[in-house]
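Observations on the three-dimensional arrangement
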Amino acid sequence: MEVVFKIQRFDPQKDQAPYYREYEVPSVDTNWSILDVLNEIKWKQDGTLTYRRSCAHGICGSDGVRINGKNRLACALLLQDIEYKKTVTIEPLPALPVIKDLVVNLQSFYDKYEVIKPFLINKNPPPERERLQSNKDAELLFESAKCILCACCTTSCPSLWTNENYLGPASFLKVFRFVFDTRDEAADERLNIIDTQDGIWRCHTIFNCVEACPKEIDITWHISKLKKKLVARKF
Amino acid sequence: MVHKYDIVIVGAGGAGLRAAIETPPGATCAVITKVFPSRSHTGTAQGGVCAALANEEEDSWEWHMFDTVKGGDYLGDQDAIEIMCQDAIRAIIELEHMGLPFSRTHDGKIAQRRFGGHTRDFGKAPVKRACYSADRTGHVMLQTLFENCIRNRVNFFPEYLVTDIIIDKKGICCGVVVYDIATGEIHTFHARAVMFATGGYGRAYRITSNAMISTGDGFDIMYERGIPLEDMEFVQFHPTGLWKLGILVSEAARGEGGILLNNRGERFMERYAPTVKDLAPRDMISRAIMTEIREGRGFQGTDGTYYINLDVSHLGKKIIDEKLPEITGFARTYLGIEPTREPIPVQPTTHYAMGGIPTDIDGHVLIDAKGNIMPGLYSAGECACVSVHGANRLGTNSLLDIVVFGRRGGKAITEYLKTAEFVPLPKNVEEKSRDHISTILCNVGKESVVTLRTELQETMMENVGIFRTKAGIKKALKKIEEIKSRYKHTTIEDKGKTFNTDLVEAIELKHLIGTSEAIAVSALNREESRGAHACEDFPKRDDKKWLKHTFLTLKDGKTRITYKPVTITRFQPQERKY
């Protein structure tokens, strides 16, 4: 198979600026994931190539990268499922500082996650057994609870590209997960946090996040529900 | 750089996070993890976590206890199993109160499903005991525990790799040495109490459900420092890994009614376990699958490898989409299979370590088979061996183990901190780690990490797998010895300090080699077949000689085995039939 993998490289100890290096992988097959390709290059051709990875089947969220201009999990995308002619371009997730090659600094992403208070708040003493919740109410949370914090959505958003303080879709998804949880009592507190200049109103329903999400979460739908709730609160 | 914390926890999976939540007010706690906490391997657990809540049908913790004892082929310590199964109910309710989004019953309680080896009335029929959240139970558990750590302002050190533990002259554990992956600096963490919750070693085998981070770090670091490892011969092979890839296809698929079929279309588990059939324990089903394949009743793929079919198509699209979305998604993505219409090709996959760092019921690490402990050192989760899983773990008991014993370890640390002071750090604590790292960086030999790792994984798969022979295990040990000496001549390409994953993989390979040696030595020694250890030279369980725990210790380069008796309280060993 003739395909060239064009990978963005940057080692802060050596390089002034990022550059691209091209690799050919003779043994590659269309049923390989992009992570398989990266592993093959690292293990057989270039040990200095650096990227994050762990579970290798789309659950841990470590290997979010940009593949042919789209944010994807390298392990969850097979070569046969992408459009390419001769070259597949692999770059780090955009809008975050690069530590090395495909590894980005996620500190700001995690800070924005922590700021929305991502934990159940309920000041009443819990009952002896479980808090009751209908399966319908529980299932309403499942989509948002699927989020693996891979940062593919947030870094795909043009609103983040122009404003680094923008909270971003992953944080809103987490807000949804608690605001719509019948067991949570801090909806107002959380809604206040996102009802700000760097908050939810900077979402312009561009749908990049939905396209980027490897777990196929309809993030924009969740954000719309939050916006609706915020508007309803004002009138 | 030296950091000082009252508690240092290594590993941010379920056990480490649950222990961190126990940090008492006024004490400081650092959690060191080689990946971000939300990326720990706990997140890949799928089907459920069990407790006899009796939300769906009659159940009792005594039945759960019996199933766990029997599932473990009577090697588990029954006092510990009793604690776990009794405490399970409180532990699950606690997770619900912490916010875990469980699937629910029609009356709003936590939903429960069937799972392998879990029965009602001491083995009469399968019971709905596994509490679940679709097929993402581990993921939401990891998220929930991480969320609660954020609430409690736990200090995380993500992408820090532990390289050593620090033990002073009196034998008190007082810290760890770590390698900061992002900067390449070595740090010392000085602590009053240290907990190892470092997970498993699945990557010692070629086919595994385990993440690439499951490289046996904790086992090997302890082993090297002369701490015993218990029951390492018991390696769980999950019967249903996705063919060729080993990705886990949860037992929930069979809990919901999926069945295993051979190339004659037979539901072959009816022959091996007439009562519970496809819901027999994992060791039995893995052996049954291998037997079917050996006797010519498997399917052969285009690449010459074999598989068995897991059929869920008869469950209907609604059940599949609601209850098994994740695993059916894997089949679609990676094998191009549509599970609502076609069977899923599966093969056994290396899954879980029953053995590990020996602990008592409160997470104290034992330094010998007599039960003496090392002050200041704790362990919980997959890397630890309490032992609740005996010779074979039941599905859903691992997620339970981590929250029950993570918490107990955390509580024991709290107690210990009441009187324990910081003991002074010994001199040159970083030396061993620095030497190892600089050796790897400076080596100019011909060996590569990937070649050695692949050879190791092949030999473990081939010779220390589901069925073992003494000759095969000896072959593996010889190969491990060879790999160990070749490891000294490994060269890596990346010599830099920033995010050097080439170096990290080389360090992890060392841990895989040490852990594999411990598995193989323990396996060679046990001359019987029990649970996951099926030795063809000794096909029967031998309670007279082998109803005991293996304690393997490395001293001055030599391995030594001693034994600890099994604690038997309520259930006398019986023949294991399902």
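Conventions and cut-offs
Residues numbered from 1 in each chain as written. Chains lettered and ligands numbered in written order. Predicted model: local features only at pLDDT ≥ 70, side-chain atom pairs only at ≥ 80, totals over all residues. Helix = DSSP H or I, 4+ residues; strand = E, 2+ residues; numbered from the N terminus. Rg over C-alpha atoms; globule rule 2.2 N^0.38 Å. Buried ≥ 20, exposed ≤ 12 C-beta atoms within 10 Å, placed from the backbone. Contact = placed C-beta atoms within 7 Å. pLDDT = per-residue confidence, 0-100. Domains from an automatic or database assignment. Nonpolar A, V, L, I, M, F, W, Y, C, P; charged D, E, K, R; others polar. Axes fitted to C-alpha atoms, helices over the stretch in contact; angles between N-to-C directions. Parallel < 35°, antiparallel > 145°, perpendicular 65-115°, else oblique. Left-handed = near helix turned anticlockwise from the far one by under 90°. Core = buried A, V, L, I, M, F, W, Y, C linked by C-beta atoms within 7 Å. Pairing = 2+ DSSP bridges.

Here we take up the overall build of chain B. Helix and strand counts for chain B stand at 16 helices and 23 strands. Taking 2.2 N^0.38 as the reference for a compact globule, 578 residues should give roughly 25 Å; the C-alpha atoms of chain B span a radius of gyration of 22 Å, in line with that estimate. Over its C-alpha atoms, taken along the principal directions, chain B stretches across nearly 65 × 55 × 50 Å. A burial count over chain B gives 62% of its 578 residues as buried. Intrachain contacts of chain B at a sequence separation of at least 6 include 75% that bridge at least 24 residues.

This paragraph deals with the overall build of chain A. Scanning chain A from terminus to terminus reveals nine helices and seven strands. Along the three orthogonal principal directions, the C-alpha set of chain A runs to about 60 × 35 × 30 Å. The buried share among the 235 residues of chain A stands at 48%. The contacts in chain A between residues at least 6 apart in sequence include a share of 65% that link residues at least 24 apart.

As a further point, take the confidence of the model for chain B. Within chain B, residue pLDDT values average 97, and 100% of them lie at 70 or more. The complex prediction reports pTM at 0.97, with the ipTM value standing at 0.97.

All names here are of chain A. For chain A, the assigned domains are domain 1 (4-104) and domain 2 (107-234). On a C-alpha basis, the centres of domain 1 and domain 2 stand 29 Å from each other. If you look at the interface, domain 1 gives 14 residues, while domain 2 gives 14 residues. Here the side of domain 1 that touches domain 2 is built from residues that sort into eight nonpolar, four polar and two charged.

Here we come to the packing of helix α6 (residues 169-179) of chain A against helix α9 (residues 219-234) of chain A. Residues and elements named next belong to chain A. In the contact formed by α6 and α9, the axes pass within 9 Å of each other and the chain directions differ by 60°. By the angle class used here, α6 and α9 are oblique. In the crossing of α6 with α9, the sense of the turn from one axis to the other is left-handed. Seen from α6, the contacting residues are Pro-169, Phe-172, Leu-173, Val-175, Phe-176 and Val-179; seen from α9, they are Ile-219, His-222, Ile-223, Lys-225, Leu-226 and Lys-229. Taken together, the residues that form the contact of α6 with α9 break down as nine nonpolar, one polar and two charged.

Now for the nonpolar core. Residues and elements named next belong to chain B. Grouped together as the largest cluster of nonpolar side chains are 249 residues, with contacts concentrated most on Val-8, Val-176 and Met-195. Here this core gets 12 residues from one element, more than from any other, and that element is helix α15 (residues 501-525). Residues contacting Met-195, with those up to four places away along its chain left out, are Ile-9, Val-10, Gly-16, Ala-19, Gly-363, Tyr-378, Ser-379, Ala-380, Gly-409 and Ile-413.

Note: strands within a sheet are paired through backbone hydrogen bonds, in either parallel or antiparallel orientation. Residue and element names in this part refer to chain B. One open sheet accounts for three strands, arranged β3-β5-β4; its pairing is antiparallel. The open sheet terminates on both sides in strands that have one partner only, identified here as β3 (49-50) and β4 (112-120). As defined by bridge partners, β3 adjoins strand β5 (residues 125-131) across two bridges and the pair is classed as antiparallel. Paired with Cys-50 across the two strands is Ala-130, which belongs to β5. Sheet contacts for helix α2 (residues 61-71): β3, β4 and β5; angle to β4, the most-contacted strand, approximately 60°.

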